Amino acid sequence: MRSNAVLLLIIAVASLYVLYQTLHPGLLNPRAEPRAVMARGDLADDEHNTIDVFRSSSPSVVYITTIAVQRAPFSLNSFEIPKGTGSGFIWDKHGRVVTNYHVIAKANRIEVTLADHSTWKAVLVGVAPDRDLAVLQISPPVNKLQPIPIGDSDNLLVGQKVFAIGNPFGLDQTLTTGIVSALGRQITAVTGRTIHGVIQTDAAINPGNSGGPLLDSAGRLIGVNTAIYSPSGASSGIGFAVPVAEVNRVVPQVIRHGKVYRPGLGISLANQRLCDELHIKGVLVLAVTSGSSAEKAGLRPTSQVRGGLILGDIILAINGTSVDNYNMLRDELERHRVGESVTLTLRRGDRQLDIPITLEAL
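Since the structure is predicted, the reported quantities are computational estimates derived from the model, not experimental observations.

Chemist: Mind laying out the nonpolar core, listing which residues take part and the relevant values?
Modeler: Counting 26 residues, the largest nonpolar core has Phe89, Val98, Leu133 and Val247 as the members making the most contacts within it. Every element with two or more residues in this core is listed here: strand E6 (133-137), strand E7 (161-166), strand E9 (194-201), strand E11 (221-228), strand E12 (239-243) and helix H4 (244-257). Sort the elements by how many residues they give to this core and H4 lands first, with five residues. Those residues in contact with Val98, other than ones at most four positions away along the chain, are Gly88, Phe89, Trp91, Leu133, Ala134, Val135, Gly211 and Val251. Counting residues in hydrophobic clusters, the runner-up holds 18 residues, among them Leu299, Ile315, Leu346 and Leu359.

Here you go:
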């Protein structure tokens, strides 16, 4: 009985197979072979350019890992944990590497991985937090160091092709392409200060790209990728880069001094709340440092007398550009260098004065 059931099952399966083959002839072919590969012509000129830029520039791009030290909650033992990752690029043959300040901020230890996957301990040379820039030092053999070529960000045009190389999501040596979407943007650094003249691009910039280079079609550095605008945290086609003109101004100062010396006047200023309470438009001078440029130029501080204040000079403009508050004053001062002479427009009582002053280092 059981053998009959098995026989009927075999017959049924065979019948279904015959029926299937009848309805779908040629579905299976035991002699099937891989298809021949179609020949193609040469790559397009644009493709050649992209490949050349990546091959020439990628050895200059590095992968940065930051490590933090934490203490176990119920013991005195300390242990290291990965804190974050980012990108950077080789600045010179002395082993200096440029990246974003926010990539390495609060790190206890920093490691730099080169394009050949060798990893080196990094020492912090100095930082410029207001520009979101930092300089590291590594010590590999000189033949492993390929400094990135420096380009020009002052003559960029909207629509120019750009390339971003970095390590998004830890995927090292990743290339993305796009164009210059806009120029002269402003973004806010981690210190709250405004970074001016920022390049906007639609090249995909994701977490891990921060600190990596933005390149032109000649493979030259035109900016340092620093931020994206994205509700999700991933690339949404709006990325920002600090222009190379600013990078090339700041980095040598950091290498020389460990920081950026800002141009200043040698004065203390009233906070914005006091200026608002006194209905002051401009920046009120509270104190003048002894021996400073401000003292030499004759700026007058605010003084307190019984029953009230005698207001000091109120700075209205620098070289004709209005400064309504402290941030505007600082932004305008940073357009100049230490040792340069500028003209301050002041309100002193009922008079308006123009006074020349030499900027000093802060």
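Chemist: Before we move on, could you go through the environment of Ile280 and cite the residues and values that matter?
Modeler: By secondary structure assignment, the location of Ile280 is in the loop between helix H5 (272-277) and strand E15 (283-288). We classify Ile280 as buried; its relative accessible area is 11%. Separated by 45 residues in sequence, Ile280 and Asn325 have C-alpha atoms that sit 9.6 Å apart. Every residue in contact with Ile280, bar those within four places of it in the chain, is listed here: Cys275, Leu311 and Ile314.

Chemist: Please provide a residue-by-residue account of H4, values included.
Modeler: Look at H4: 20 Å from first C-alpha to last across 14 residues, which is about the 20 Å you get at 1.5 Å a residue. Of the residues making up H4, those classed as buried are Val244, Glu246, Val247, Val250, Val251, Gln253 and Val254. Taken from the residues just after H4, Gly258 is the one with a positive phi, measuring 85°.

Chemist: Summarise the side chain of Thr99; cite the residues concerned and give the values.
Modeler: Here Thr99 is to be found in strand E3 (residues 96-99). The class of Thr99 is buried, set by a relative accessible area of 0%. A polar contact of 2.6 Å, which involves the side chain of Thr99, links it to the backbone oxygen of Ser87. Filtering out sequence-adjacent residues up to four positions away, Thr99 remains in contact with Ile64, Ser87, Gly88, Ile104, Asp132, Leu133, Ala134, Leu136, Ser210 and Gly211.

Chemist: Provide a residue-level description of the pattern of salt bridges, including the pertinent values.
Modeler: Counted under the stated rule, the structure contains 15 salt bridges. Ionic pairing is found between Lys161 and Asp46, a salt bridge with its closest N-O pair at 2.5 Å. With Lys161 in strand E7 and Asp46 in helix H2 (residues 45-57), this residue pair connects regions lying 115 residues apart in the sequence. Given a relative accessible area of 22%, Lys161 falls into the partly exposed group. Here Asp130 ties to Arg330 by a salt bridge, and the two come within 2.5 Å at their closest N and O atoms.

Chemist: Before we move on, could you go through a nonpolar patch on the surface and cite the residues and values that matter?
Modeler: Together, Leu7, Leu8 and Ile11 give the surface a local cluster of nonpolar side chains, amounting to about 300 Å² of exposed area. For Leu8, a relative accessible area of 59% puts it in the exposed group.

Chemist: Explain the side chain of Thr226 to me, and be specific about the residues and the numbers.
Modeler: Mapped onto the fold, Thr226 is located in strand E11. Residue class for Thr226 comes out buried when judged on its relative accessible area of 6%. Within polar-contact distance, the side chain of Thr226 engages the side chain of Asp132 at 2.5 Å. If we skip the residues at most four places from it in the chain, Thr226 touches Asn100, His102, Asp132, Ile187, Ser210, Phe240, Ala241 and Val242.

Chemist: How would you explain the pairing of strand E21 (residues 351-358) if you had to name every residue and give the values?
Modeler: Across eight bridges, strand E20 (residues 341-348) lies against E21 in antiparallel orientation. The residue bridging Arg347 from the neighbouring strand is Gln352, located in E21. Taking the residues that link successive antiparallel strands as the turn, the E20-E21 hairpin has two residues, and the phi of Gly349 there is positive, at about 65°.

Chemist: Can you explain the pairing of strand E4 (residues 109-113)? Please cite residues and give values.
Modeler: For a regular strand, side-chain orientation follows a simple rule: the groups alternate between the two sheet faces. Bridging between E4 and strand E5 (residues 119-128) involves four bridges; their strand directions are antiparallel. Bridge pairing in E5 places Thr113 opposite Thr119. Connecting E4 to the antiparallel partner E5 that follows it, the hairpin turn spans five residues, and His117 within it adopts a positive phi of roughly 75°.

Chemist: Got a sec to walk through the layout of surface pockets? Specific residues and values, please.
Modeler: Counted as a void, the largest pocket has a volume near 410 Å³. In this structure, the largest pocket is lined by 16 residues; those nearest its centre are His196, Glu246, Arg249, Glu334 and Arg335. Only E9 and H4 provide two or more residues apiece to the lining of the largest pocket. Residue classes in the lining of the largest pocket are distributed as three nonpolar, four polar and nine charged. Within this model, the second largest pocket holds a volume of roughly 320 Å³. Around the second largest pocket, the lining is made up of 18 residues, and of these Arg249, Gln253, Val260, Tyr261 and Arg262 lie nearest the centre. Of all the secondary-structure elements, those providing two or more residues to the lining of the second largest pocket are E5 and H4. Looking at the lining of the second largest pocket, the element that brings in the most residues is H4, giving three residues.

What counts as what
- Residues numbered from 1 in each chain as written.
- Predicted model: local features only at pLDDT ≥ 70, side-chain atom pairs only at ≥ 80, totals over all residues.
- Heavy atoms only, no water.
- Core = buried A, V, L, I, M, F, W, Y, C linked by side-chain atoms within 4.5 Å.
- Buried < 20%, exposed > 50% of the residue type's maximum accessible area, 1.4 Å probe, protein only.
- Helix = DSSP H or I, 4+ residues; strand = E, 2+ residues; numbered from the N terminus.
- Contact = heavy atoms within 4.5 Å.
- Expected span 1.5 Å × (residues − 1).
- Polar contact = N/O pair within 3.5 Å; in protein donor to acceptor, adjacent residues only side chain to side chain.
- Salt bridge = Lys/Arg side-chain N within 4 Å of Asp/Glu carboxyl O.
- Patch = residues over 30% accessible without salt bridge, like charges linked within 9 Å, V, L, I, M, F, W, Y side chains within 5 Å.
- Areas by Shrake-Rupley, 256 points an atom, 1.4 Å probe, with all protein chains shown as cover.
- Pairing = 2+ DSSP bridges.
- 1 Å grid on protein atoms, 1.4 Å probe; cavity = no way out; pocket = protein on both sides within 12 Å on 5 of 7 lines; lining within 4 Å.
- Points joined across faces, edges and corners; volume = space filled by probe spheres on them.
- Nonpolar A, V, L, I, M, F, W, Y, C, P; charged D, E, K, R; others polar.

Honestly, that's just the spatial picture; any functional story needs more than this.
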